Amino acid sequence: MAKHLISIDNLSKKTIEDIFNLADSFDKQLNKGHQNDLCKGKIMATMFYEPSTRTRMSFESAMYRLGGSVISSADTVTTSSAAKGESLADTIKVLQHYADLIVLRHFKDGSTLLAAENSDVPIISGGDGSYEHPTQTLCDLYTLRREKGEIKNLQIAVCGDLKYGRTVHSLVYGLAKFGATIFSVAQKDFDFPENVKKRLKSKYGVVIKNFTKLDEKMNSEDVLYMTNIMQSKKSKSAKKILKESDELFPRIPIEYFDAVYITRLQMERMQGIKSNYKSLMSYLVNKELLEKAKKDTIVMHPLPRRYELSYDVDHDKRAAYFRQAAYGIPIRMAIIAMFLGLVDFDIKLEPHQQKGIIMNEQCVNTNCITAGEENVQNKFLKSDDEENMYRCFYCDYEKVIRV
Ligand code: NCD
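Residues numbered from 1 in each chain as written. Predicted model: local features only at pLDDT ≥ 70, side-chain atom pairs only at ≥ 80, totals over all residues. Heavy atoms only, no water.

Novice: For this particular structure, what's the right way to read empty space enclosed by the protein?
Specialist: If a probe the size of a water molecule is rolled over the atoms, the empty space left behind becomes visible. Overall, the coordinates contain two cavities of 30 Å³ or more when judged by the stated rule. If you trace the largest cavity, you find 15 residues lining it, with Ser130, Tyr131, His169, Asn195 and Val196 closest to the centre. Those elements that provide at least two residues to the lining of the largest cavity are helix H7 (166-178) and helix H8 (194-204). Among the elements that line the lining of the largest cavity, the one with the most residues is H8, at three residues. Taken together, the residues of the lining of the largest cavity break down into six nonpolar, four polar and five charged. The volume enclosed by the second largest cavity comes to roughly 60 Å³. In terms of lining, the second largest cavity is formed by Arg54, Gln136, Cys139, His301, Pro302, Tyr321, Gln324, Ala325 and Arg332. Of all the secondary structure elements, the ones that give two or more residues to the lining of the second largest cavity are helix H6 (134-148) and helix H12 (321-326). Residue contributions to the lining of the second largest cavity peak at three residues, all from H12. (1 Å grid on protein atoms, 1.4 Å probe; cavity = no way out; pocket = protein on both sides within 12 Å on 5 of 7 lines; lining within 4 Å. Points joined across faces, edges and corners; volume = space filled by probe spheres on them. Helix = DSSP H or I, 4+ residues; strand = E, 2+ residues; numbered from the N terminus. Nonpolar A, V, L, I, M, F, W, Y, C, P; charged D, E, K, R; others polar.)

Written out as structure tokens, the structure reads:
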């Protein structure tokens, strides 16, 4: 059975570390100008139902650098039979005979899982709706490892559109896996969705509190939260910490973070929100903010950027986002080699989810693939903690169902 990459949670921490080690060796080869023909005779298909610069082109470049071939549909919605109304499931059933591996980006949540159900070759998610973007997270975690050494115990501010952004959803699971401390910074209504907070809590025991602004004044509840975090690190006595945090941290301090991960507002997913980009934005990473940050705090962004990240930061060596995008090549070379079974380390893939229970119920998420495709049966998984609570097999959204 083919192994698929749908969620960062398909990969154990050990497998992620194996990917990083392999990426390191590919990077060294690239820097020495060595040729590699590991994927000679293999074909990768890229099917992109949404725009992309980095994900698609770095995957394609990675495959060429491994000596393989690429067939590409860069604008699948208008140039493939999707324009004639063909379903995703049918498209994948055909494409699996044309390629050894399929990289898929789609605008619906859970679409890559549906594709995986219909494919005998590996499906690699290139981002699905607001659900996840696991290969971006591998680039992000690799950036942290390259730039900061260990990921464990790093203090990371994850900022911007935490509701609709898929990169930050995968990212927080990945950070939790590696034991980093996560701070979320998002304006009201752009905080992490409930299903993400739930998975973080149930799988990793992580509860994150949202701050509405970087470098903002903190209220007493915020101070208590920061205190708890510091206390859990068992560094100082609670009383001392409380006193210090009151004095030192009257705001969520930029100087507290090892990395600031900023994202753009995903305007394309905000149907019905009639506002302009700038008026929805209360966060900005600029030169002035960085002046207050630590000398080694890095700024990350999955790109593309809009107004949330000022161009005046680019010249600063702490601006890591273009390096982050460049790491996409060795990381995606490693992903391709691994999923094609061409490297000899043991791939420990955690199965995505068990089989869902087929139910005659609609998913509550209007952007779920089950709401977009005909002939997809709605399936749910029972939530462990609450009676009558189920979550959609494809997109994780919860629903109360009385059976
Ligand atoms: C991201 C995406 O598509 O989710 N881009 C990327 O893959 N680097 C982020 C975004 O579009 O904002």
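So that's the structure; there's more coming.
Novice: What's the story with the environment of Phe380 in this structure? I'm lost.
Specialist: Among the structural elements, Phe380 can be located in strand S11 (residues 379-382). Distance from Phe380 to Cys395, taken between C-alpha atoms, is 9.7 Å for residues 15 residues apart in sequence. Setting aside its immediate chain neighbours within four residues, Phe380 contacts Gly356, Ile357, Met359, Glu361, Gln362, Cys363, Tyr390, Arg391, Cys392, Phe393 and Ile401. (Contact = heavy atoms within 4.5 Å.)

Novice: How should the site of the ligand be read in this particular structure?
Specialist: Taken together, the residues surrounding the ligand are Thr55, Arg105, His133, Gln136, Arg166, Thr167, Arg264, Gln266, Pro302, Leu303 and Pro304. Between the ligand and Thr55 there is a distance of 2.9 Å, counted from an oxygen atom to a side-chain nitrogen or oxygen. Take Arg264: an N or O atom from its side chain is 2.7 Å from an oxygen atom of the ligand. If the ligand stood free it would expose 320 Å²; the protein chains cover 93% of that surface. Put simply, the ligand lies in the largest pocket. Of the residues in the shell around the ligand, the class split is three nonpolar, five polar and three charged. No fewer than three residues from each of domain 1 (8-133 + 327-339) and domain 2 (135-324) sit in the shell around the ligand. (Near = heavy atom within 4 Å. Polar contact = N/O pair within 3.5 Å; in protein donor to acceptor, adjacent residues only side chain to side chain. Areas by Shrake-Rupley, 256 points an atom, 1.4 Å probe, with all protein chains shown as cover. Sits in = over half its atoms within 2 Å of the grid points. Domains from an automatic or database assignment.)

Novice: Is there a simple way to explain the state of the cysteines in this structure?
Specialist: What makes a disulfide is a covalent bond joining the sulfur atoms belonging to two cysteines. Scanning all chains against the criterion turns up zero disulfides. The thiol of Cys363 is not disulfide-bonded; the next cysteine sulfur, from Cys395, is found 3.5 Å away. On the accessibility criterion, Cys363 (10% relative accessible area) is buried. (Disulfide = S-S within 2.5 Å. Buried < 20%, exposed > 50% of the residue type's maximum accessible area, 1.4 Å probe, protein only.)

Novice: Please clarify how the nonpolar core should be interpreted in this entry.
Specialist: Inside soluble globular proteins, nonpolar side chains tend to come together where they are buried. Ranked by internal contacts, the top residues of the largest apolar core, which has 65 residues, are Leu11, Leu138, Leu144, Val158, Leu175, Ile331 and Ile336. Sort the elements by how many residues they give to this core and helix H13 (residues 328-339) lands first, with nine residues. The residue makeup of this core includes at least three contributed by each of domain 1 (8-133 + 327-339) and domain 2 (135-324). Filtering out sequence-adjacent residues up to four positions away, Ile331 remains in contact with Ile19, Phe20, Ala23, Thr135, Leu138, Cys139 and Tyr142. By size, the runner-up hydrophobic cluster in this structure holds 30 residues, among which are Ala45, Tyr49, Ile92 and Leu381. (Core = buried A, V, L, I, M, F, W, Y, C linked by side-chain atoms within 4.5 Å.)

Novice: Whenever I open this one, the confidence of the model for the protein confuses me. Can you help?
Specialist: Any region with low pLDDT has predicted coordinates that should not be read closely. Per-residue confidence for the protein gives a mean pLDDT of 88; residues scoring 70 or more make up 85%. Long-range and interchain partners of residues 245-251, a stretch whose pLDDT sits below 50, account for 16 contacts in this model, where long-range means more than four residues apart. (pLDDT = per-residue confidence, 0-100.)

Novice: What exactly am I supposed to notice about the environment of Gly179 here?
Specialist: Structurally, Gly179 is set in the loop between H7 and strand S6 (181-185). On the accessibility criterion, Gly179 (32% relative accessible area) is partly exposed. On a C-alpha basis, the gap between Gly179 and Lys152 in space is 4.6 Å, while along the polypeptide they are 27 residues apart. Aside from chain neighbours lying at most four places away, what touches Gly179 is Lys152 and Asn153.

Novice: Sorry if this is basic, but what is going on with helix H1 (residues 13-32) here?
Specialist: One turn of the α-helix equals 3.6 residues, which is why residues spaced by three or four share an orientation. For H1, with 20 residues, the first-to-last C-alpha span of 29 Å sits near the 28 Å given by 1.5 Å per residue. Listed in full, the buried residues belonging to H1 are Thr15, Ile16, Asp18, Ile19, Phe20, Leu22, Ala23, Phe26 and Asp27. The inward-facing, buried residues of H1 contact H6, H7 and H13. One or two steps after H1, the chain reaches Gly33, where phi turns positive at roughly 75°. (Expected span 1.5 Å × (residues − 1).)

Novice: Explanation requested: the pattern of salt bridges in the structure shown.
Specialist: Any two side chains of opposite charge can pair, given that their charged atoms come close. Evaluation of the coordinates by the stated rule reveals 23 salt bridges. A salt bridge links Arg323 to Glu147; the nearest nitrogen and oxygen atoms lie 2.7 Å apart. Separated by 176 residues along the polypeptide, Arg323 in helix H12 and Glu147 in helix H6 bring together distant segments of the chain. A residue is classified by how much of its surface remains accessible, and Arg323, at 30% relative accessible area, is partly exposed. Three or more residues joined by partner-sharing salt bridges are found here, namely Asp9, Glu132, Lys177, Arg199, Arg391 and Asp396. (Salt bridge = Lys/Arg side-chain N within 4 Å of Asp/Glu carboxyl O.)

Novice: I'm lost on the layout of surface pockets in this one. Help?
Specialist: The volume enclosed by the largest pocket comes to roughly 750 Å³. What lines the largest pocket is a set of 33 residues, and nearest its centre among them are Arg166, Arg264, Gln266, Glu268 and Arg269. Sorting the residues of the lining of the largest pocket by element identifies helix H2 (54-65) and H7 as the ones contributing at least two each. For the lining of the largest pocket, the residue count by class is nine nonpolar, 15 polar and nine charged.

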